[in-house]
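Here's the letter readout for the chains.
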Amino acid sequence: MPRRPKFNFVFPSRRHAWRWLLPILLVFVFLSTLLWLPWQTQRMEANERQEQLIADTLWVEQTIQFQLSRDDESLRLIATEIGNRAASEKRVHDRITALMRNNHEISRIAQFDASGNLVVSTDEAPLSLRDYPVESIMAADDARKSRMPRYSSPARTKILSGAMTLDYHVPIFSGEEYIGDLVASYSLASILNEMVPWWFAQDNEIAITDQDDNTLEARAAGGPGRGVYTHRRPLELPGVTLSLRTNSVKGEPKLLPSLLVASVIALSLGLLWSLYALWRDINRRLAAEGALRQQVAFRTAMENSLMTGLRARDLNGRVTYVNPAFCKMVGIPAEELVGKSPPMPYWAPEAMNEYQQRFSQVLAGQVTPQFETVFQRSGGERFPVLIFESPLVDDTGKQTGWMGSILDISDRKQVEDLNRRQQEKLQASARLATMGEIASTLAHELNQPLAAISSYTTGALNMISNHAAHPGSLDLELLKPALEKAGTQAQRAGHIIRSVHTFVKRREPSREPLTVTELIDSVIPLIELQAHQFFVAINTRIEPNLPVVLADRVMLEQVLLNLTRNAIEAMQEVAPERRILRITAERDPAQRHTVVISVIDNGHGISAEVAERLFSPFFSTKAEGMGMGLNICRTAVEFHGGTLVHAHNPDGGTIFRFSLPGLIESIVPSSADSAIITGK
């Protein structure tokens, strides 16, 4: 039996088979478009006509409402003049005649007295209010009871030869007394003829209907509507609700043969161009894939060499990527982190609330761009980190997650802690040095109240002893003032000691809300100790209603004490009458929530050479100075977010000025400007 030959069929690979899919797909789209495009075009044109009809109907309804509102204002003004007895019958007749002449939608205006008898009218018909339709009489009664104008329900009336009429009743009151009614009659046909534009009536049949959709009046200048495009709009009037119904005279749009031909030509050209673009895009895609592989290899090598940890998360907070630096930082391999949802294994238990709060922000689509926190390694060791986060977007610009850069800042924190401790020691040393300089003055100041206390108590003891020897000789009126004065002097000595103790006590920096008045008042006793020694007068001026500052009281007291001590020493060589130390506190004109405190002296001033190095560490113009006072002052002010500067005093001397940011919405009232003058 002969053997059958074998044939080797070569099928196109799946990688290249898709290249022929696009032409086939375009042919299918071409045939579908031939059927869909004309239908869709018709739908779009129909929707546009309907939307235009709705917009035009709304415009017409607003035009009618606006014109009726204008008529309402005019009628109310006339009724007000009648009620105030400010218009005669002739003036009323002239006013209503002019109103009807300028507004053709009004067919008749008449004034009736409280009994319904005619007072004045725009025509000669001797009609009373009782001759109006029942609907109009009911509207007049409602207007009188509510004291507000009312429209009646439309009705046919013999007053206007059987036309469908809408009456508007404006009650007239003189104080609390009802004296009549002002009635304006509208013909519905006149409303449609006068208020509906001709171009709208030419394209649409427009009708006014009641709540049951019964046609009361219609206008069809272009013929009856075809019922294809219709719209109904409520016409809300005080006392009655009508509707404005429009029915377009246009029919369904016809198909556009030219559009169909243009579509066939465009799709045919697109089919030919797609065949050419197919082969061109294949070559470009191959080149792009090669470049992409190179970029991926380069990016991977770059990320593996970074010392900064990288962590990507999706919008649900799930980890999607970590680089080797991050894994090394937390001591956890990447396969245990990728795909992990909170809580994370590198979260420290004591900071769990903070992590949960930040995770809630991630779910809400909000993250903090930069913040510090604490992570823990796999062995339980805690370490501080600085995290930068930014949105992660795809090639279409859509956000898919968050990318974070994590820095281990353990070394930086150690350096900051060391600098902080050194700064605290330096400030404490400066405070002790300052206290050493005023120690002798302090002793002198304490001797005065102590000597006074001794004198008052000795006198009191003598009075008590005299009373023991001679009963009945004790004068309580003399004993009480002596003891009160002794107590006052003891409080003064205690206040001085407490100020010194608070100033030199070693403590951690602690910010608290503080008013400028409290700050200056707390340090004034220490400033006075130095001012007495050199016969310097102190003048303080504090602007009212300054913002509260968030500050460390002792640090700012040290700043004020250093600046005032320098100012006092700078005035040793000037005339006694010029030894005035001024301390002012005011708002910064440029930044209303910033407080500026100035220390002003009339001393020898600062030369240009000294000014260049004034804030440098270890620079001093005093033989016994350490050169750290102004440097410490500037550091303390910058710690509070402010600045310390100096300037020449136009009256001679120097002005040192430092700013402190205030708490917004925390303005507290202060007393009026105060002045404290001390000296000898």
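### Some details on the overall build of the chain
Right, on to step 1. On a plain count of helices and strands, the chain comes out with 16 helices and 22 strands.
Right, on to step 2. Burial statistics for the chain: of 680 residues in total, 39% are counted as buried.
Right, on to step 3. The long-range share in the chain, meaning contacts at least 24 apart out of those at least 6 apart in sequence, stands at 61%.
Right, on to step 4. When the accessible surface of the chain is split by element, carbon and sulfur atoms take 56% of a total near 38,700 Å².

### Thoughts on empty space enclosed by the protein
Right, on to step 1. Enumeration over the complete set of coordinates arrives at three cavities of 30 Å³ or more.
Right, on to step 2. For the largest cavity, the lining is made up of 15 residues, of which Arg311, Arg313, Arg358, Phe371 and Glu389 are closest to its centre.
Right, on to step 3. Elements represented by at least two residues in the lining of the largest cavity include exactly β11 (309-314), α9 (352-363), β13 (370-376) and β14 (382-393).

### Observations concerning the confidence of the model for the chain
Right, on to step 1. Of the residues in the chain, 73% have a pLDDT of 70 or more, and the chain-wide mean is 77.
Right, on to step 2. Residue range residues 623-628 is modelled with pLDDT below 50. Its contacts to residues more than four positions away, or to other chains, number ten contacts.
Right, on to step 3. Every residue in residues 665-680 scores below 50 in pLDDT, and together they form 42 contacts with partners more than four places removed in sequence or on other chains.

### Considerations on the packing of helix α13 (residues 516-533) against helix α14 (residues 553-570)
Right, on to step 1. Closest axis-to-axis distance for the α13/α14 pair is 9 Å, and the angle between their directions is 35 degrees. Considering only the axes of α13 and α14, their crossing is right-handed. Here Glu518, Leu519, Ile520, Ser522, Val523, Leu526, Ile527, Gln530 and Ala531 of α13 come into contact with α14, specifically with Arg553, Leu556, Glu557, Leu560, Leu561, Thr564, Arg565 and Ile568.
Right, on to step 2. In terms of residue class, the contact of α13 with α14 is built from ten nonpolar, three polar and four charged.

### Regarding the packing of aromatic side chains
Right, on to step 1. The final tally for this structure, using the stated rule, is nine aromatic pairs.
Right, on to step 2. Ring geometry for tryptophan 199 versus phenylalanine 200: centroids 6.0 Å apart, planes at 90 degrees, classification edge-to-face.
Right, on to step 3. Here tyrosine 346 and phenylalanine 375 contribute two aromatic rings whose centre-to-centre distance is 4.8 Å and whose plane-to-plane angle is 55 degrees, an arrangement assigned as tilted. In this pair, tyrosine 346 is assigned in the loop between α8 (324-330) and α9 and phenylalanine 375 in strand β13, connecting sequence segments 29 residues apart. Each member of the pair tyrosine 346 and phenylalanine 375 is classed as buried.

### Description of the pattern of salt bridges
Any two side chains of opposite charge can pair, on the condition that their charged atoms come close.
Right, on to step 1. Enumeration over the complete set of coordinates arrives at 19 salt bridges.
Right, on to step 2. Between glutamate 381 and arginine 377 there is a salt bridge, with the nearest N and O atoms lying 3.4 Å from each other.
Right, on to step 3. Among the ionic pairs, arginine 553 bridges to glutamate 512, the shortest N-O distance being 3.9 Å. With arginine 553 in helix α14 and glutamate 512 in strand β16 (residues 512-514), the pair connects residues that are 41 residues apart, well separated along the chain.
Right, on to step 4. Under the relative-accessibility criterion, glutamate 512 is labelled partly exposed at 35%.
Right, on to step 5. Connected through shared salt-bridge partners, Glu81, Arg91 and Arg95 make up one network.

### Quick notes on the sheet that holds β13
Right, on to step 1. Strand order in the open sheet formed by five strands is β12-β11-β15-β14-β13, with antiparallel pairing between adjacent strands. Bordering the open sheet on either side are β12 (319-322) and β13, each of which pairs with just one other strand. Ignoring strand direction, the axes of neighbouring strands in this sheet form an average angle of 30 degrees.
Right, on to step 2. Looking at chain direction, β11 and strand β15 (residues 399-408) are connected through six bridges and run antiparallel. Following the sheet pairing, arginine 313 is matched in β15 by tryptophan 402.

### Digging into the pairing of strand β10 (residues 240-248)
Right, on to step 1. Here β10 lies mainly inside the structure; seven of its nine residues are buried.
Right, on to step 2. Pairing of strand β7 (residues 204-209) with β10, which is carried by six bridges, proceeds in the antiparallel orientation. In the sheet register, alanine 207 faces β10, and the bridge partner there is arginine 245.
Right, on to step 3. In textbook terms, the turn of a hairpin is the stretch between consecutive antiparallel strands, and for strand β9 (residues 230-237) and β10 this stretch comprises two residues, one of which, glycine 239, has a positive phi near 100 degrees.

### Some remarks on helix α3 (residues 89-102)
Right, on to step 1. The end-to-end C-alpha distance of α3, which contains 14 residues, comes to 20 Å, matching closely the 20 Å that a straight helix rising 1.5 Å per residue would cover.
Right, on to step 2. Restricting attention to buried positions, one finds in α3 the residues Val92, Ile96 and Leu99. The arc that holds every buried residue of α3, seen down its axis, measures 60 degrees, which confines them to one face. Exposed and oriented more than 90 degrees from the buried face of α3 are Lys90, Arg101 and Asn102.

Reading the values: rules and limits
- Residues numbered from 1 in each chain as written.
- Predicted model: local features only at pLDDT ≥ 70, side-chain atom pairs only at ≥ 80, totals over all residues.
- Heavy atoms only, no water.
- Helix = DSSP H or I, 4+ residues; strand = E, 2+ residues; numbered from the N terminus.
- Buried < 20%, exposed > 50% of the residue type's maximum accessible area, 1.4 Å probe, protein only.
- Contact = heavy atoms within 4.5 Å.
- Areas by Shrake-Rupley, 256 points an atom, 1.4 Å probe, with all protein chains shown as cover.
- 1 Å grid on protein atoms, 1.4 Å probe; cavity = no way out; pocket = protein on both sides within 12 Å on 5 of 7 lines; lining within 4 Å.
- Points joined across faces, edges and corners; volume = space filled by probe spheres on them.
- pLDDT = per-residue confidence, 0-100.
- Axes fitted to C-alpha atoms, helices over the stretch in contact; angles between N-to-C directions.
- Left-handed = near helix turned anticlockwise from the far one by under 90°.
- Nonpolar A, V, L, I, M, F, W, Y, C, P; charged D, E, K, R; others polar.
- Phe/Tyr/Trp six-rings, centres within 6.5 Å; stacked < 30°, edge-to-face > 60°.
- Salt bridge = Lys/Arg side-chain N within 4 Å of Asp/Glu carboxyl O.
- Pairing = 2+ DSSP bridges.
- Expected span 1.5 Å × (residues − 1).
- Arc of directions from axis to C-beta.

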